[in-house]
Amino acid sequence: MDDTDRRIVNALQGGFPLCSRPYREAASRLGMDEHELLSRLRTLLDTDVLTRFGPMYDVERMGGAFTLCAMSVPAADLERVGALVNAHAEVAHNYERAHRFNVWFVMGGTSHAALANVVSQIEAETGYPVMNLPREAEFFVELRLSA
Amino acid sequence: MNPIDERIVRATQAGLPLVPEPYAAVARTLGIPEEELLARLSSMLADGRIRRIGAVPNHYALGYRANAMSVWDVADEAVDELGTAVGALPFVSHCYRRPRRLPDWPYNLFAMVHGRGRAETEVCVLSIRDLLGSALRAHDVLYSTRILKKTGLRLA
């Protein structure tokens, strides 16, 4: 990643234009041409510097629901359980954490009832209980990282 | 949700195509005019259904390797006011109130802290502790050791 890539990552975490040639417009703000921006974005995505490029939806405002879940899984069983949990499309991200509760995943779905159903499925598939911690209030959500 | 909006979400939640006219390309697959797609995206952005449009970075790749989930047991009568104050701290990316699950889990306030290393996140955690003061009963910090999956929230 060079300075130009850093400028792209820093400048394009929001505000991508809604127009017919948005890459051309974004590129001109950054002082480069459309082709260069597209090719650098392709590389940033391929090398996993970016996880994706596009709209970040707020699933809850779309009429959906989120929840955070935790499980306590013995290390020897982590691969199997991780694969079973991740196989559910509702699971957005899943982190292993250094704690007695070592598996933490966020799910998004159409409703809390639908998510509760996935929780039950995961419990049945893995044989471990799932601690379901839906958020009750949001105090702040913003994450813009500088590259 | 409006069925066309829902199709738009499904078609774009994994990302926009990297072609000169990405919206025209998405509109074609949905069988709607590009202008309609742009108008619908614009209204979703205006009412917050879209938080923003652009690059979603991978923390680890940018050097933010320490991802600390700090969890706090805060007196119920104080948690909303203090949660707002914690959420306003510049290094806190997400801050939520969640239910306790006693006896296993006494914590009702979650604050996610991202830093380039543990030394940085530990200082952040100490400032949260100071801010919570006498309303704080217990806390813990959970560091991530591995990403098992990261695709972003999607409609299933």
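Here, the structure is the one placed above.
The shown structure was predicted, so the numbers you read here are calculated from the model rather than taken from an experiment. (Residues numbered from 1 in each chain as written. Chains lettered and ligands numbered in written order. Predicted model: local features only at pLDDT ≥ 70, side-chain atom pairs only at ≥ 80, totals over all residues.)

Chemist: Tell me about the overall build of chain A, and name the residues and values.
Modeler: Per the secondary structure count, chain A includes 5 helices and 6 strands. A globule of 147 residues ought to have a C-alpha radius of gyration of about 15 Å, yet chain A, at 19 Å, is considerably larger. Considered along the principal axes of its C-alpha atoms, chain A spans approximately 55 × 35 × 25 Å. Here chain A holds 147 residues, and 36% of them are scored as buried. Sequence separation of 24 or more characterises 52% of the internal contacts of chain A that already satisfy a separation of 6 or more. (Helix = DSSP H or I, 4+ residues; strand = E, 2+ residues; numbered from the N terminus. Rg over C-alpha atoms; globule rule 2.2 N^0.38 Å. Buried ≥ 20, exposed ≤ 12 C-beta atoms within 10 Å, placed from the backbone. Contact = placed C-beta atoms within 7 Å.)

Chemist: I'd like a rundown of the interface of chain B and chain A, residues and numbers included.
Modeler: On the side of chain A, 63 residues touch chain B, which itself brings 65 residues to the contact. Secondary-structure elements contributing two or more residues to the side of chain B that touches chain A are helix 1 (3-12), helix 2 (22-30), helix 3 (34-46), strand 1 (50-57), helix 4 (76-87), strand 3 (92-97) and strand 5 (136-150) of chain B. Ranked by the residues each element gives to the side of chain B that touches chain A, the list is headed by strand 5 of chain B, at 9 residues. Classifying every residue of the side of chain B that touches chain A by side-chain character gives 34 nonpolar, 17 polar and 14 charged. (Nonpolar A, V, L, I, M, F, W, Y, C, P; charged D, E, K, R; others polar.)

Chemist: Describe the environment of B:N108, and please don't skip the residues or the numbers.
Modeler: Residue and element names in this part refer to chain B. Of note, N108 is situated in the loop between strand 3 and strand 4 (109-115). Among the residues examined, N108 registers 23 C-beta atoms within 10 Å and is labelled buried. When the C-alpha positions of N108 and Y96 are compared, they lie 8.3 Å apart, and in sequence the two are 12 residues distant. Residues within four places of N108 in sequence aside, it is in contact with D73, V74, V79, R97, R98 and R100.

Chemist: Go over unusual backbone geometry, please, and point to the residues and values.
Modeler: Along the chain, B:L102 connects to B:P103 via a cis peptide bond; the corresponding omega equals 5°. By the secondary structure assignment, B:P103 is in the loop between strand 3 and strand 4. Phi at A:D48 is positive, roughly 70°, even though this residue is not glycine. Position of A:D48 among the secondary structure elements: in the loop between helix 3 (34-46) and strand 1 (50-57). By the C-beta count within 10 Å, which is 12 here, A:D48 ends up exposed.

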